[in-house]
Amino acid sequence: IVAPSRWIERLASESPLLSRFPIVRIPNGIDLDRFRPVPRAEARAQLGLPQDGPVVLFSAPDVSDRRKGGAVLNEALERLDGLPFRLLVAGANETPPFPRSFWSLTHLVEESEIALSYAAADVFVLPTLAENLPNAALEAVAAGTPCVSFDVGGVPDVVRHLETGYLAKLGDAEALAEGIKTLLADDERRARMSAACRALAEAEFGAELEAERFAELYDQ
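In this text, all values refer to a predicted model and were calculated from it rather than measured experimentally. (Residues numbered from 1 in each chain as written. Predicted model: local features only at pLDDT ≥ 70, side-chain atom pairs only at ≥ 80, totals over all residues. Heavy atoms only, no water.)

Asks: Can you walk me through the pattern of salt bridges in this structure?
Replies: Side-chain pairs of opposite charge can arise whenever the charged atoms involved come near each other. What the rule picks out here adds up to 13 salt bridges. Linking E111 and R34 is a salt bridge whose minimum nitrogen-to-oxygen distance equals 3.7 Å. One end of the pair, E111, is in helix α4 (residues 111-120); the other, R34, is in the loop between β2 (24-25) and α2 (40-47), with 77 residues separating them in the sequence. R213 is the partner of E204 in a salt bridge, and the nearest nitrogen-oxygen pair spans 3.4 Å. The exposure class assigned to R213 is partly exposed, which follows from its relative accessible area of 22%. One connected set of salt bridges, linked through shared partners, spans R40, R44, D122, D187 and R190. (Salt bridge = Lys/Arg side-chain N within 4 Å of Asp/Glu carboxyl O. Helix = DSSP H or I, 4+ residues; strand = E, 2+ residues; numbered from the N terminus. Buried < 20%, exposed > 50% of the residue type's maximum accessible area, 1.4 Å probe, protein only.)

Asks: What is the right way to read the packing of aromatic side chains from this model?
Replies: Working definition: an aromatic ring pair is given by the centre-to-centre distance plus the angle between the planes. In this structure the tally under the stated criterion is two aromatic pairs. Pairing F35 with Y118 gives two aromatic rings, centres 6.2 Å apart and planes at 65°, and the pair type is edge-to-face. Within this pair, whereas F35 is found in the loop between β2 and α2, its partner Y118 is found in helix α4, the two being separated by 83 residues in sequence. As far as burial versus exposure is concerned, F35 and Y118 are alike and both buried. (Phe/Tyr/Trp six-rings, centres within 6.5 Å; stacked < 30°, edge-to-face > 60°.)

Asks: Please clarify how unusual backbone geometry should be interpreted in this entry.
Replies: A negative phi holds for most residues other than glycine; trans holds for most peptide bonds. The phi angle at L162 is positive, at roughly 60°, despite the residue not being glycine. As for its placement among the helices and strands, L162 is situated in the loop between α6 (155-158) and β8 (165-168). Looking at L162, the relative accessible area reads 39%, which means it is partly exposed.

Asks: What am I meant to see in a nonpolar patch on the surface here?
Replies: A cluster of nonpolar side chains, namely I1, L17, L18 and F21, defines an oily patch on the protein surface of about 350 Å² accessible area. Using a relative accessible area of 60% as the deciding quantity, one classes L17 as exposed. (Patch = residues over 30% accessible without salt bridge, like charges linked within 9 Å, V, L, I, M, F, W, Y side chains within 5 Å. Areas by Shrake-Rupley, 256 points an atom, 1.4 Å probe, with all protein chains shown as cover.)

Asks: Looking at this model, I keep getting lost on the state of the cysteines. Mind explaining?
Replies: Here, disulfide denotes a covalent bond that connects the sulfur atoms of two cysteines. Scanning all chains against the criterion turns up zero disulfides. Free of any disulfide, C147 has its nearest neighbouring cysteine sulfur in C197, separated by 6.0 Å. The buried category is assigned to C197, whose relative accessible area is 0%. (Disulfide = S-S within 2.5 Å.)

Have a look at this one:
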């Protein structure tokens, strides 16, 4: 049994059907040459975004999907009404009625542009309510962008509290808001997290590394 996250690995080990088989954890990998740190000013210029002020990115294939947590993010944003930052929303379909104005990147289809959206942001927020090992979190940390997310599923494999981001209690809008506020408040901490994000991506989540791990497993 190959599990992409510690969460799935644990569930398999506890399963009366699966626990009798060998269980190996091999995280999903992404293209680290595509998703990589880019100077923020350069990324914003290529996407036509303003250069001034901090940016918080929220993205999902379908931003209206309840599981992606747009409604909880709304509650969090209401608690951040006085905090100056731009909200950037990338994804398909109707966006939730956010309580603040936002820049929309619904037109992004090229992987290169999606990669730039992570690099353009100071913080990536992933308010997912159910998840295994989310590609969005992998892509964000590969771009050196710290994540604010919920402690659910395999998210803690990527979002390591106060190392590569901020983990909030599942479904807690106030905790999510506190995470965004904490990361935006300290430029030096965010810079350290950015370096830690990229280091984690290179150590654990490269596509070539995933292939090597599978090859080793087949050899065994």
